[in-house]
Every structure is written in C-alpha cells, then in structure tokens.
2 protein chains.
Amino acid sequence: MLDNSNVKVKNGMLLEFAKTVELFDLTPIEARVFAYLYVEGTPLTLDELSEELGKSKTSISTSMRSLVELNLVKRVWKKGVRKDLYQANNHLYKQFLSFYTKKWKDATENRKESLLELKNEFDQIQNDIKDPQIQNKLDDLLDFHNRLDCFFKEASEIKKDGL
Amino acid sequence: MLDNSNVKVKNGMLLEFAKTVELFDLTPIEARVFAYLYVEGTPLTLDELSEELGKSKTSISTSMRSLVELNLVKRVWKKGVRKDLYQANNHLYKQFLSFYTKKWKDATENRKESLLELKNEFDQIQNDIKDPQIQNKLDDLLDFHNRLDCFFKEASEIKKDGL
DNA sequence: TGATTCGTACAGTTTAAACTGTATAAAAAA
DNA sequence: TTTTTTATACAGTTTAAACTGTACGAATCA
C-alpha cells in the first residue's frame, strides 16, 4: 500500500516515455530498455533488465549495443561488480536531438551528392536531346534537399540554446 | 540511344528521391509511388503505376490512400478519363515538413497530457511517502517534452519562410 | 435495364523482422 | 593452471508486416 502509488506513477512514466522514444526510430525494445534505464536512474546489468522487462538476455544485449552506439546509454564501472553496468545518459534533450539531427543531415547530404552526380551526367547530354522536364525536376530535388539540410542545421542551433 | 541518357538520369532521380522520402516514415512502396509520381509529373492511374513499379494494383491502391491522407498526393480529374488519376503535390518542402512536424507535435502533446495526469496522481500521494526520485524524473520528462514541442513549433516557423 | 470496369475489402501467402536458446570466446576468480 | 561467469555470435523459431489474387459493391456505359 505504501509504495503502491509511487510504483503506479513510475510504470506510467515508463510506458509514456517509451512511446516518445520510439518516435526517434528506435525499436520498441530499445525504447523500453532506454526508458527503463532512465526512469530507474541507477546503473543496471543486462540480467536485471532481462528480468524486469521479461525479455531474453540476448535481446537486451543487442538493443543495448545500439543504444550505446547512439550515445544514449553509457557503460559504467563499479568497484567489485563483475557484470557490465549501463546507465542512461541524462541530458535527454541534447542527446536525442543531436543524434537525430545528425542522422538526417548525413542522409540528406548523401542524397545531395548523388543528385549532383546525376546533374553532371545530365549536363553532358547533348543540348538538343536534353529533356527540359528532367532538368526542372533535378533542380527542384536539389533545392528540396538543400532546404532539408538548412532546416536541420538551424535545428542544431536551436538545440544548443536549450541545453 | 537518343533518350537513353535522359532515362538513366530519370531513373537515378527516382531511386535517390525515394530514399529521402522513406526518411519521413513512409513505407518503401509509398515512397516509390510518390517518387514516381513526382518525377513523372503527369497524373497517373493505379494501373499505370502498378505496371511501371511491378507491384499489384492492391498494393498501389493502399499506399495511394495513405499518400492522399498525408496530403502528398491529390486525386485529379480529366475529362473523358474514367479511371482515377493521381498527381504528386509539387510543393515538396512545404508539404513534407508540414505533415512531419504535425505528426511530431501531435505525438508530443499527447504524451505531455499523459504525463500531466501522472503528475496529478503523484501530487495526491501523501507527502511523507512520496518518492522524491520520481518527482524529479517526472519533471525532467515534462521538461523534455516541452522542449520537443518548442522545437517543432520553431520548426514550422522556419518552414514558412522557405515556402 | 444489363454489361462492363473500377477501386478496395478480405483472406491467404510470402517475406522480413524480432526474439530465444544454445554454444563459445573472453575475462575473472580460485 | 582449472573453474566459473560474462557477453555475444549464430541458428532456429516465432511473430508481424508486406504483398498478392480473388471477389464484390459502386459507378459508368450501352
């Protein structure tokens, strides 16, 4: 009875937060693992998480690897503890937005490069057989990708304010 | 030979653009349909798309429905043509960013509401048994969601400039 | 009116992702 | 050293998503 309401609120947080985390293109289990680590606060082992979330240790291990790669979770050491301990990074906003904007910037930049290559190829076509429609579309697409790029550049600026 | 290079560039655009579209959480087939419609420019029927993309008409039909709901494609009529015709909206940047930011704003707002309900519930716990850790985390999460909200609000502002 | 053609609902199939259990290499303890 | 314990690679299984073909109601044409 004493802790009952506390636990209820905690579980609610866990559930809601995991949904938000999924928006950042994490798989459901990655999201749950991160949310659990974050709400719990203290560093936890793979076995503990496996137990608490009712998933196999292998599942936890693989999703943990992703989370570490994404810089959302870090491995921590504690004297006398043999197992690996993992802790959620607690700068939620900064971390999430930075890895998300990075992902987009990388993607759009790759795409821009490819489109520029296509433009080069197109420019080499003899003028009299160039399809002007294609010219237009190519330019539109390049413009679109440039704007996306700008958007996420501005986004990372905004991010820094709200540290 | 004459059109060969044109076609090659066109196919390249199609491929690259589809990848970008997928970033906006569209399924691969939705992305391809949209990209094809966009690159092609002229309105097309389900049958034509089915033929060109080598997918069943049903597949095209369902993905087209999503695209129309997302306001990325519109149905157009042409005198004398019995089949439905679909055309890609050509304000790429505006359309994509507006539906994307909307999606995020809706999601974070829902989440904020749920968290506020949890906060109410938490406030009703007797003070002496409140877990202060939970208090902190709840506040952090609310703060995080507020910032996300702000981010996408600012984002839609930026968007309007680059119309 | 009946005949034809369109778009999509639905059921079934294929394909891919998520997940698990076992086995193994690496590290720690004895 | 050997024994024990950890994290993960891998193969196999389960689960979910993507996709297709058939069938049917709605609309169009004759």
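1. So, the overall build of chain A
Looking only at helices and strands, one finds six helices and two strands in chain A. Reading the helices (α) and strands (β) of chain A from amino to carboxyl end gives α-α-α-α-β-β-α-α. Relative to the 2.2 N^0.38 estimate, which gives 15 Å for 163 residues, the radius of gyration of chain A is 23 Å and therefore markedly larger than a compact globule would have. Based on the C-alpha atoms only, the size of chain A along its principal axes is roughly 80 × 30 × 25 Å. In chain A, which comprises 163 residues, the proportion classed as buried is 29%. Long-range pairs, those at least 24 residues apart, make up 51% of the contacts in chain A between residues at least 6 apart in sequence.

2. Observations regarding the interface of chain A and chain B
Listed as interface residues are 43 residues of chain A and, on the opposing side, 43 residues of chain B. Broken down by secondary-structure element, the contributors of at least two residues to the side of chain A that touches chain B are helix 1 (4-23), helix 5 (92-123) and helix 6 (132-161) of chain A. Tallying contributions element by element places helix 6 of chain A first for the side of chain A that touches chain B, with 13 residues. Classifying every residue of the side of chain A that touches chain B by side-chain character gives 23 nonpolar, ten polar and ten charged.

3. Some details on the protein's contact with DNA strand D
Taken together, 18 residues lie near DNA strand D, and Ser61 and Asp84 of chain A together with Ser56, Thr58 and Ser59 of chain B sit nearest. The dominant element in the surface near DNA strand D, judged by the number of residues it contributes, is helix 4 (residues 57-69) of chain A, at four residues.

4. Overview of the domain arrangement of chain A
By a widely used convention, the size of an interface equals the accessible area lost when the partners come together. Residue and element names in this part refer to chain A. Partitioning chain A into domains gives domain 1 (4-88) and domain 2 (92-161). Placing a centre on the C-alpha atoms of domain 1 and another on those of domain 2 gives a separation of 35 Å. With four residues of domain 1 in contact, the opposing surface of domain 2 contributes four residues. Of the residues assigned to the side of domain 1 that touches domain 2, the class counts are three nonpolar, one polar and no charged.

5. Here's the deal with the protein's contact with DNA strand C
In the vicinity of DNA strand C there are 18 residues, among which Ile29, Ser56, Thr58 and Ser59 of chain A together with Asp84 of chain B approach most closely. For the surface near DNA strand C, the secondary structure elements donating two or more residues are helix 2 (28-40) and helix 4 of chain A together with helix 3 (46-53) and helix 4 (57-69) of chain B. The element that contributes the greatest number of residues to the surface near DNA strand C is helix 4 of chain B, accounting for four residues. For the surface near DNA strand C, the per-class residue count stands at three nonpolar, seven polar and eight charged.

6. Quick look at the relation of the copies chain A and chain B
Each copy superposes on the other: chain A lies on chain B with an RMSD of 0.0 Å after a rotation of 180° and an axial shift of 0.0 Å. Such a combination of turn and shift is consistent with a two-fold rotation axis. Across chain A, the rotation axis passes nearest the C-alpha of alanine 155 of chain A, at a separation of 3.8 Å. Of the residues that chain A buries at the interface, 100% are likewise interface residues in chain B, meaning the two copies contact each other through the same surface.

Rules used throughout
Residues numbered from 1 in each chain as written. Chains lettered and ligands numbered in written order. Predicted model: local features only at pLDDT ≥ 70, side-chain atom pairs only at ≥ 80, totals over all residues. Helix = DSSP H or I, 4+ residues; strand = E, 2+ residues; numbered from the N terminus. Rg over C-alpha atoms; globule rule 2.2 N^0.38 Å. Buried ≥ 20, exposed ≤ 12 C-beta atoms within 10 Å, placed from the backbone. Contact = placed C-beta atoms within 7 Å. Nonpolar A, V, L, I, M, F, W, Y, C, P; charged D, E, K, R; others polar. Near = placed C-beta within 6 Å. Domains from an automatic or database assignment. Least-squares fit on C-alpha atoms with pLDDT ≥ 70 in both.

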